[in-house]
Every structure is written in C-alpha cells, then in structure tokens.
Protein chains: 2
Amino acid sequence: MFRSDPAFDTGSVIVCDWPLCQVRLQDDTRFPWLILIPRRAGMHELEDLSSADRAVLMEEIVRAGEVVRELGEAAFRPVQKLNVGAIGNVTAQLHVHVVGRRHDDGLWPDPVWGRGAARPYGPALQAAVSRVGLSPAG
Amino acid sequence: MFRSDPAFDTGSVIVCDWPLCQVRLQDDTRFPWLILIPRRAGMHELEDLSSADRAVLMEEIVRAGEVVRELGEAAFRPVQKLNVGAIGNVTAQLHVHVVGRRHDDGLWPDPVWGRGAARPYGPALQAAVSRVGLSPAG
C-alpha cells in the first residue's frame, strides 16, 4: 500500500492527489517548489514504475511546472527556468522535485538541493496550499 | 534544425543518437554520467516537447539509467542510486542528466551539479564511449 515516507513531512505538506502522484508543496518561500510522489508502493527509481505510469508521471511533471509558474506569478516573481530532479539520495522513496528558478533567486545558477536553509511560509502556508490545489493546472 | 549547444563540448562527448536524444558521456570518471539532449530545435523546458516526445524521453532516461549501471559495473563500482535532473540553468538547451551515485562517491548525498572538479577519462575516454555505444541497453 502506498504511503509517503514520513520524512517528507519535515519540509513539505500534502496538497492533493493527481491521477498518479501525491502532490506536495515544499514549505520554502525561496522558490515555488512542488514534490510529486508516485502513489505506488516500494518505488525507488523511475525504472521501478511501469512504462504507462512513467508516461503519466512525465505529464504530471509538466502540469506541476505550470502550477509552479502560477505560484511565481502570484508572488510577483515569474519563473524564468524550471528545474526538475529525481534524486532520492536522502529520502529513497521515488519522488520528483519541480522548482521554479530566477536569475536573482540567491542560489542561481546552482541547483537548490542541499543548499541553504528553507524559509517557511509560516501563516501564509495554507493560502499557498489552497492556491496550488485550486490552480487551473492543478 | 537541431544542433547541440557547443557548450556541451566542454565536459562531455557525443556517443550516439537514440530515437529522440543525442547521447553524450560526461567526461568525468567520478561518476558514470550520461546527458540526453532531445534532437529538436529550440527546446528549453520539458513543456516545449510534444507529449509523444516526452514519453519517448522518459523511456530514454530509463535506458540511460541502464547504461549508467553498466558503466558502474564495468568500473567495479556498482551504482546504488540514479540521479536524474533537467536543470539547464547554465546551458539552457533542454537536456537531462542521468548520473550513477554511490554512498562512497565523495559527494554523497549532495547532487553532483556544480560541485567539485571533473576528473577526465584521459586516454580511457574512447573505451568508455565505445562501451556506452555498444552496451545492450544502448
């Protein structure tokens, strides 16, 4: 049975389920940042998914990119580049990061993973979660 | 017309073409590491590709993972985790990194991008290129 690793609860919150993935918002105002976790048990690598699931995952990555762009627009910081990563060195359960980047985002051009400290949304978190869940792309 | 950005020639070499992507070997013996560049002109984000091309890309990512695992085995350093990233902050042309990681690889658990200096293959480069081109997965 699918269950997201409790490690994801430190740093991100569940927004909703898409056909394949659990959608999470990274609790970090530095970047509009979603995490997609395929809702299949025991997955670690893309190769563990069926080919059909992988095709769905790819489309959900694109959809997550649209949502990330909407989050950036809403914060008056339009996304200039999407960064997509399936890494899993720290939390092994298969998941994909979709992160909106800007040339002035403080870490550019480095990747975001493992760099700097998150700046949590605080009281604004629920509004951000709602925005993701209600976005046309979402 | 498709042409890979000359920036890729610093640090990687062309191995072959797959149905969608130009396959390149990163010239860095620290990690078995392929780069896939979809052979379509003017691509920057996954969303720029057609949905059909994206499905092919996903399968070529998995195939690249198999080749990366074979490179790791050949070097007696079996891959323990695959890292996949579509970043493009430095070179904007759409490309996907597929990198084989080990717990003892010196950068673990950090991502590899933008960290440390490459260790080129030197005279062993052509043999590595041939291995990628001839591998069953390749």
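See the structure printed just above.
Being a predicted model, the structure only gives us computed values, none of them experimental.

Colleague: Go over the overall build of chain A, please, and point to the residues and values.
Modeller: Secondary structure summary: chain A contains two helices and five strands in total. Along chain A, helices (α) and strands (β) appear in the sequence β-β-β-α-β-β-α when read from the amino end. Principal axes of the C-alpha set define a box for chain A whose edges measure 40 × 30 × 25 Å. For chain A, restricting intrachain contacts to residue pairs at least 6 apart in sequence, the fraction spanning at least 24 positions comes to 58%. Working note: accessible area of chain A is about 6000 Å², and carbon and sulfur atoms make up 55% of it. Here chain A carries 15 positive and 17 negative side-chain charges, and the mean point of each set is 4 Å from the other.

Colleague: If you had to explain the pairing of strand E4 (residues 81-86) of chain A to someone new, which residues and values would you point to?
Modeller: Moving residue by residue along a regular strand, the side chains alternate between the two faces of the sheet. In terms of burial, E4 of chain A is a largely internal element, six of the six residues being buried. Taking every second residue as pointing to the same face, both faces of E4 of chain A are buried, with Lys81, Asn83 and Gly85 of chain A on one and Leu82, Val84 and Ala86 of chain A on the other. As paired strands, E4 of chain A and strand E5 (residues 96-101) of chain A are joined by five bridges and run antiparallel to one another. Its bridge partner lying in E5 of chain A, Asn83 of chain A is registered against Val99 of chain A. Pairing of E4 of chain A with strand E4 (residues 81-86) of chain B, which is carried by three bridges, proceeds in the antiparallel orientation. The partner of Ala86 of chain A across the bridge, within E4 of chain B, is Val84 of chain B.

Colleague: Could you give me a rundown of the interface of chain B and chain A, with the residues and numbers involved?
Modeller: Counting residues at the interface gives 31 residues for chain B and 31 residues for chain A. At the boundary of chain B with chain A, total buried surface from both sides reaches about 2800 Å², with 51% on carbon and sulfur atoms. Seen at the junction of chain B and chain A, the total is eight salt bridges. The salt bridge involving Arg69 of chain A is made with Glu47 of chain B; its shortest N-O contact spans 3.0 Å. Summed over the shared surface of chain B and chain A, the number is 22 residue pairs in polar contact (both at pLDDT 80 or more). Put simply, the parts of the chain that give the side of chain B that touches chain A at least two residues each are helix H1 (51-74) and E4 of chain B. For the side of chain B that touches chain A, the element with the most residues is H1 of chain B, which contributes eight residues. Tallied by class, residues from the side of chain B that touches chain A come to 14 nonpolar, eight polar and nine charged.

Colleague: So, the packing of aromatic side chains: which residues are in play, and what are the values?
Modeller: Two aromatic rings, taken as a pair, are described by how far apart their centres are and by the angle between their planes. Per the stated rule, a full pass over the model turns up three aromatic pairs over all chains. Relative to Trp33 of chain A, the ring of Phe31 of chain A lies with its centre 6.2 Å away and its plane at 65°, an arrangement referred to as edge-to-face. For Phe31 of chain A, a relative accessible area of 2% translates into the label buried. With 6.2 Å between their ring centres and 55° between their planes, Trp113 of chain A and Trp113 of chain B make a pair best called tilted. Highlighted residues: Trp113 of chain A in the loop between E5 and helix H2 (125-134) and Trp113 of chain B in the loop between strand E5 (96-101) and helix H2 (125-134), drawn from two different chains. A relative accessible area of 7% means that Trp113 of chain B is categorised as buried. Sitting over the face of the ring of Trp18 of chain A, Arg63 of chain A holds its NZ or CZ atom 4.1 Å from the ring centroid.

Rules of the game
Residues numbered from 1 in each chain as written. Chains lettered and ligands numbered in written order. Predicted model: local features only at pLDDT ≥ 70, side-chain atom pairs only at ≥ 80, totals over all residues. Heavy atoms only, no water. Helix = DSSP H or I, 4+ residues; strand = E, 2+ residues; numbered from the N terminus. Contact = heavy atoms within 4.5 Å. Areas by Shrake-Rupley, 256 points an atom, 1.4 Å probe, with all protein chains shown as cover. Lys, Arg positive; Asp, Glu negative; His and termini not counted. Charge placed at Lys NZ, Arg CZ, Asp CG, Glu CD. Buried < 20%, exposed > 50% of the residue type's maximum accessible area, 1.4 Å probe, protein only. Pairing = 2+ DSSP bridges. Buried area = accessible area lost by both parts, 1.4 Å probe. Salt bridge = Lys/Arg side-chain N within 4 Å of Asp/Glu carboxyl O. Polar contact = N/O pair within 3.5 Å; in protein donor to acceptor, adjacent residues only side chain to side chain. Nonpolar A, V, L, I, M, F, W, Y, C, P; charged D, E, K, R; others polar. Phe/Tyr/Trp six-rings, centres within 6.5 Å; stacked < 30°, edge-to-face > 60°. Lys NZ or Arg CZ within 6 Å of the ring centre and 35° of its normal.

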